[in-house]
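# Structural overview
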Amino acid sequence: VTQQDAIEFLQKQATNTFDIISAFHFVEHISFSDLQKLVQESLRVLRPAGLLIMETPNPDNLAVGTSGFYSDPTHKQPIPSSLLAFLPEYYGYARQKVFGLQEPQAVHEDQKIKLEDVLFHASPDYAVVAQSPGEPEQLAALDEVFAVEKGIGLRKLVHQFDRNMAGFQNQ
């Protein structure tokens, strides 16, 4: 384990050195320009078909995005999943995927979504998993992982809630 500036550490590493780089609850603590450097340097030091995993609070969860995020004074800014997923795409990763994390299992099983679910139970965290370019057979080894749909978004919860309310009003 090394404790030092993450970008400086990556900049000192040889090209094609690592299979996986993880940044769990880290990217929300750095500036956007440093986030760009992190994504770029990670691509340089990842081996072909290597993975960059970035997990962060999900601002699409209304409780997280409006209050929970700001409970930690070291957080700089919430990062929308579409923006965090765009960075690896822009810098040349082969593919990237957003996975919602930590939502209650009940929101997947219960078709009667309540207002409380809409407000508090969209995935409170998400991860962007990005894979560096590699040979087709190297990339294919993780096709099943990239095909998985994980998490529940605010939009889906709102649609389910609206359907429930429409059914309630028609009774």
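A few points on the structure. Predicted model, so just to flag it, every value in this text is computed and none were measured. Residue numbers restart at each chain and count upward from 1, following the sequence in its written direction. Whole-chain, interface and lining totals are the exception, using all residues; otherwise, since this is a predicted model, local features are given only for residues with pLDDT of at least 70 and side-chain atom pairs are given and counted only at 80 or more. Hydrogens are left out, water is left out, and the side-chain values use all remaining heavy atoms of the structure.

Turning to the packing of helix α2 (residues 32–45) against helix α4 (residues 81–91), a few remarks are in order. Angular values range over 0 to 180 degrees, each being the angle between N-to-C directions of two axes fitted as lines to C-alpha atoms, with helices fitted over their stretch in contact. Segments assigned H or I by DSSP are reported as helices when at least four residues long, segments assigned E as strands when at least two residues long, and all are numbered from the N terminus. Between α2 and α4, the least distance of the axes is 10 Å, while the angle of their chain directions is 45°. Here α2 lies oblique to α4, going by the angle between them. Of the two elements, α2 crosses α4, and the hand of that crossing is right-handed. From α2, Phe32, Leu35, Gln36, Val39, Gln40 and Leu43 reach across to α4, where they touch Leu83, Leu84, Leu87, Pro88 and Tyr91. Each residue gets one of three labels, nonpolar for Ala, Val, Leu, Ile, Met, Phe, Trp, Tyr, Cys and Pro, charged for Asp, Glu, Lys and Arg, and polar for the others, Gly among them. For the contact of α2 with α4, the per-class residue count stands at nine nonpolar, two polar and no charged. Note on terminology: angles under 35 degrees are roughly parallel, angles over 145 are roughly antiparallel, angles of 65 to 115 are roughly perpendicular, and the others are oblique. When the near helix sits turned anticlockwise from the far one by under a right angle, the crossing is termed left-handed; a clockwise turn instead gives a right-handed crossing. In this analysis, two residues are considered to be in contact whenever any of their non-hydrogen atoms come within 4.5 Å of each other.

Time to look at unusual backbone geometry. When glycine is set aside, most residues are seen to have a negative phi, and most peptide bonds are trans. Even without glycine at this site, His25 takes up a positive phi of about 50°. Along the chain, His25 turns up in the loop between β1 (18–24) and α2. In this structure, Gln102 is a non-glycine residue whose phi angle is positive, near 70°. When you line up the elements, Gln102 lands in the loop between β3 (95–101) and α5 (106–109).

Counting through the fold element by element, Asp125 comes out in strand β4 (residues 125–131). Throughout, exposure labels follow a simple rule: accessible area from a 1.4 Å probe, protein chains only, divided by the maximum for the residue type, with under 20% read as buried, over 50% as exposed, and the rest as partly exposed. Charge assignment: positive for Lys and Arg, negative for Asp and Glu; neither His nor the chain ends contribute. For this document, the term salt bridge refers to a Lys or Arg side-chain nitrogen within 4 Å of an Asp or Glu carboxyl oxygen. One buried charged side chain, Asp125, makes no salt bridge at all; its nearest oppositely charged neighbour is Lys150, positioned 11 Å away. When sequence neighbours within four positions are dropped, the list of residues in contact with Asp125 reads His25, Glu55, Thr56, Pro57, Asn58, Phe99, Gly100, Leu101 and Gln102.

Structurally, Ala130 is set in strand β4. Remark: the alpha-carbon pair of Ala130 and Val39, spanning 91 residues in sequence, is separated by 9.5 Å. Apart from the residues lying within four places of it in its own chain, the contact partners of Ala130 are Gly50, Leu51, Leu52, Pro88, Tyr93, Arg95 and Gln96.

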